[in-house]
Amino acid sequence: QVQLVESGGGLVQPGGSLRLSCAASGSFFSCYDMGWYRQAPGKQRELVATITGRGHTNYTDSVKGRFTISRDNAKNTVYLQIHSLKSEDTAVYYCSRASRRGVYDTWGQGTQVTVSS
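Only a predicted model underlies this, so the values are computations on that prediction, with no experimental measurement involved.

(A) Up close: the pairing of strand β3 (residues 18-24). Counting buried residues in β3 gives five out of seven residues, a clear majority hidden from the surface. Bridging between β3 and strand β8 (residues 77-82) involves six bridges; their strand directions are antiparallel. Bridge pairing links leucine 20 to leucine 80 in β8.

Rendered as structure tokens:
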């Protein structure tokens, strides 16, 4: 059973930066697509960014140019670098792993990101 553990969230001022990390247990990490989702209060969980095992990335429009997803397969870790944070980025950020069928069905516990002055 794979486990995903996020870290790196916190309180940051508008315009600031954060790097979120997600450490995955288990084998064959490089074979799986990974993603970051977020859920703001009162809103549905939304997909933020994904990265394939080979490093191809995709982003939702609202974060393009500000968020960068990356992975280190040797460390079984996926990252989300966030710049120019806005108040609307406040959310719980979740790491997720896609199944072999491409369904994101394995989740971490989430890490809170709060953007406030």
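(B) Structural context of the state of the cysteines. Overall, the coordinates contain one disulfide when judged by the stated rule. One disulfide in the model links cysteine 22 with cysteine 95; its S-S distance is 2.1 Å. Judged by the sign of its S-S torsion, about -75°, the cystine formed by cysteine 22 and cysteine 95 is left-handed. Of this pair, cysteine 22 sits in strand β3 while cysteine 95 sits in strand β9 (residues 91-98), and the two are 73 residues apart along the sequence. Judged by its relative accessible area of 0%, cysteine 22 is buried. A residue is classified by how much of its surface remains accessible, and cysteine 95, at 0% relative accessible area, is buried. With no disulfide of its own, cysteine 31 has cysteine 95 as its nearest cysteine by sulfur position, at a separation of 16 Å.

(C) Expanded view of the packing of aromatic side chains. Under the definition given, this model contains three aromatic pairs. Relative to tyrosine 104, the ring of tyrosine 37 has its centre 5.8 Å away and its plane inclined at 65°; by these criteria the two rings are edge-to-face. Of this pair, tyrosine 37 sits in strand β4 (residues 34-39) while tyrosine 104 is found in strand β10 (residues 104-107), placing the two residues 67 residues apart along the sequence. With 4.8 Å between their ring centres and 70° between their planes, tyrosine 37 and tryptophan 107 make a pair best called edge-to-face. One end of the pair, tyrosine 37, is in strand β4; the other, tryptophan 107, is in strand β10, with 70 residues separating them in the sequence. Taken together, the aromatic side chains of Tyr37, Tyr94, Tyr104 and Trp107 make up a single cluster linked through ring pairs. In this arrangement the basic side chain of arginine 45 is found over the ring face of tyrosine 94, its NZ or CZ atom lying 3.8 Å from the centre. Over the ring of tyrosine 32 we find arginine 97; its NZ or CZ atom is 3.7 Å from the centre of that ring.

Rules used in this analysis
- Residues numbered from 1 in each chain as written.
- Predicted model: local features only at pLDDT ≥ 70, side-chain atom pairs only at ≥ 80, totals over all residues.
- Heavy atoms only, no water.
- Buried < 20%, exposed > 50% of the residue type's maximum accessible area, 1.4 Å probe, protein only.
- Helix = DSSP H or I, 4+ residues; strand = E, 2+ residues; numbered from the N terminus.
- Pairing = 2+ DSSP bridges.
- Disulfide = S-S within 2.5 Å.
- Phe/Tyr/Trp six-rings, centres within 6.5 Å; stacked < 30°, edge-to-face > 60°.
- Lys NZ or Arg CZ within 6 Å of the ring centre and 35° of its normal.

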